[in-house]
Amino acid sequence: MVNTDTAARRALPSVDRLLGSPAVAALLAAWGRSRVTTILRLALEAERERLAQPDAGAYDETRFLQRCAAMLERGSAPSLKPVFNLTGTVLHTNLGRAVMPESAAKAVYAAMTRPVNLEFDLDGGARGERDSHVERWLRELTGGEKAVAVNNNAAAVYLVLNTLGLKREVLVSRGELIEIGGAFRIPDIMSRAGVKLVEVGTTNRTHLKDFAEAITPRTAAIMKVHTSNYVVQGFTATVPESELAKLAHEHNLPFLVDLGSGSLINLEDYGIPHERTPRETLADGADVVTFSGDKLLGGPQAGLIVGKKDLMARIAKNPMKRSLRLDKMTLTALDAVLRLYLHPEKLRGELPALRLLTRERDEIAAQAARVQPAMAAALGEQWTVQIADCKSQIGSGALPVDSMPSCGLAITPAGKKGNLNKLAAALRALPVPVIGHIRDGALVLDLRCLDHEDEFVSQLKNLKT
Ligand SMILES: *Cc1c(COP(=O)(O)O)cnc(C)c1O
């Protein structure tokens, strides 16, 4: 080992000496002794390493303490924070998917700061069921006989398969063996759930007889998976759900459907292409249906399972339910969001996800015209800020090929200089980071999801390009 213990490094002060120095008093007053001690240790460590490099400049206490102050500042800022989602993808998984209504936020605040009847039956005064708070709405909204709520839809699929298919076989069409972002693969979930996957048909075509021929005494269920984030186009064939249900029932097997997004309403009523609902799927003969809480439903992250009473009772009793169950904050938010659906006429005004998905292009264009001058002024002569038509996406795998006409700002370099990646980074460095996307030589900010317009405009003065 090389001896790097140079004189420069020996000259570094001790933590105790620094804690006693007048220059550190302000830091101590602001951050407290334990936090400052931790940061001084870390900074000294880094300084020691720096001094071990050849040609390292000497220790400078003023600069060293400035670095410590910056570390204290940075280290205490929240890491998870609000951003402006101007990506054009409304239900953006990386940006937290659905924005939730004020009513849900208020209800969650109360549930966080006060005791709640989470598992307490107020009528009988005895132990109650955690899922009962959302079950009645889910039954009403889907026609399912019983409902179970878990952490997310991946957990819902896992719990259903593990309960109904353990050590047996589940038939799935080859065209539906999907991978969703973040490495959620149906075949992997199946094997972790202890289920043997039997692939049926081919990637582009699967027929009823393929399923019929694959049924053996080891078969536990037939499953259909919504092909969320892609479409199989051209020479294709899939078996309608009603026929798969009939086949399954002829063999006394349950028919399971993973819907993914699972909208609770007819989206066509709102000018969005139709996405199959849990109600339609159950009406077509599905026995158990799974879907997400934070995709088209517009609620918190959750996985919802609805279906036939006997199968659902087994799913609810699976010991793994305990590890996958919802906490009181999510249940409260879900309850608040589901109750909005009881009044569909008001839904568009009250459910942010639906409001954003249905914003008219002209309304967004008017907003673009309002904010364009402020953006142009903040960016200066180096950049051209134009109002441009763009296309938004629903996101989260829903309706991947349909896009909605929208409007936004397209920012391009005015001259030769101007690095779009640096501009994108500067927008991300704002107090409320602005996230757009770079396309065809422009940084595009799709304004479909721009709420808090005043804040957006007023923080532009902090932009450092
Ligand atoms: C999104 C999706 C999932 C995963 O749902 P999460 O709520 O993200 O866990 C599972 N299956 C399908 C078909 C999906 O679209």
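About the cut-offs
- Residues numbered from 1 in each chain as written.
- Predicted model: local features only at pLDDT ≥ 70, side-chain atom pairs only at ≥ 80, totals over all residues.
- Heavy atoms only, no water.
- Axes fitted to C-alpha atoms, helices over the stretch in contact; angles between N-to-C directions.
- Helix = DSSP H or I, 4+ residues; strand = E, 2+ residues; numbered from the N terminus.
- Parallel < 35°, antiparallel > 145°, perpendicular 65-115°, else oblique.
- Left-handed = near helix turned anticlockwise from the far one by under 90°.
- Contact = heavy atoms within 4.5 Å.
- Nonpolar A, V, L, I, M, F, W, Y, C, P; charged D, E, K, R; others polar.
- Pairing = 2+ DSSP bridges.
- Phe/Tyr/Trp six-rings, centres within 6.5 Å; stacked < 30°, edge-to-face > 60°.
- Buried < 20%, exposed > 50% of the residue type's maximum accessible area, 1.4 Å probe, protein only.

## Let's talk about the packing of helix H4 (residues 33–52) against helix H5 (residues 61–76)
Direction vectors running N to C along H4 and H5 enclose 125°, while the axes themselves pass 10 Å from each other. Here H4 is positioned oblique relative to H5, judged by the angle of their axes. Judged by the sense of rotation from one axis to the other, the crossing of H4 with H5 is right-handed. Where H4 abuts H5, its residues Arg35, Val36, Ile39, Leu40, Leu42, Ala43, Leu44, Glu47 and Arg50 lie against Phe64, Leu65, Arg67, Cys68, Met71, Leu72 and Gly75. Grouping the constituent residues of the contact of H4 with H5 by class yields eleven nonpolar, one polar and four charged.

## Some details on the sheet that holds strand E12 (residues 303–307)
Reading across the sheet, the seven strands line up as E4-E12-E11-E10-E9-E5-E8 and stay open at both edges, with mixed pairing between neighbours. Of all strands in the sheet, those bounded by a partner on one side alone are strand E4 (146–150) and strand E8 (196–200). Here the strands of the sheet are splayed against their neighbours by 25° on average, with no regard to which way each runs. The sheet contact formed by strand E10 (residues 255–260) and strand E11 (residues 288–292) spans four bridges and is parallel. If you follow leucine 256 over to E11, its bridge partner there is valine 288. Here helix H7 (residues 132–142) sits on the sheet and contacts E4, E11 and E12; the angle it forms with E4, its principal contact strand, is near 120°. Packed onto the sheet, helix H8 (residues 153–165) meets E4, strand E5 (169–173), strand E9 (219–225), E10, E11 and E12 and runs at close to 160° relative to E11.

## A look at the packing of aromatic side chains
A complete count under the given rule lists two aromatic pairs for this structure. Ring geometry for phenylalanine 84 against phenylalanine 456: centres 5.3 Å apart, planes inclined by 80°, an arrangement best described as edge-to-face. Note that phenylalanine 84 is positioned in strand E1 (residues 84–85) and phenylalanine 456 in helix H20 (residues 453–458), a separation of 372 residues in sequence.

## Notes on unusual backbone geometry
Backbone phi values are negative for most residues with the exception of glycine, while trans is the configuration of most peptide bonds. The phi dihedral of asparagine 252 falls on the positive side, at around 55°, and the residue is not glycine. Within the secondary structure layout, asparagine 252 lies in the loop between helix H11 (241–250) and E10. Phi angles above zero are rare outside glycine, and aspartate 440 is one such case at about 50°. Assignment of secondary structure puts aspartate 440 in the loop between strand E16 (437–439) and strand E17 (442–446). Residue classification places aspartate 440 among the exposed positions, given a relative accessible area of 77%.

## Digging into the sheet that holds strand E14 (residues 404–413)
If you walk across this open sheet you meet the four strands as E13-E14-E17-E16, and the pairing is antiparallel. The open sheet is flanked by strand E13 (383–392) and E16, the only strands paired with a single partner. With direction set aside, neighbouring strand axes in the sheet form an average angle of 35°. Of the strand pairs in this sheet, E16 and E17 are connected by three bridges, and their pairing is antiparallel. Considered in E17, the bridge of histidine 437 is made with valine 444. Running over the sheet, helix H18 (residues 361–379) touches E13, E14 and E17 and is turned about 15° from E14. On the sheet, helix H19 (residues 420–428) packs against E13, E14, E16 and E17 and is oriented at approximately 35° with respect to E17.

## Observations concerning the pairing of E9
E9 sits mainly inside the fold: seven of its seven residues count as buried. Two elements, E5 and E9, share four bridges in a ladder whose sense is parallel. Bridge pairing in E9 links glutamate 169 to threonine 219. Relative to E10, E9 is paired through four bridges, and the arrangement is parallel. Bridging from a neighbouring strand, methionine 223 pairs with leucine 256 of E10.

Any functional reading would require information that these geometric values do not contain.
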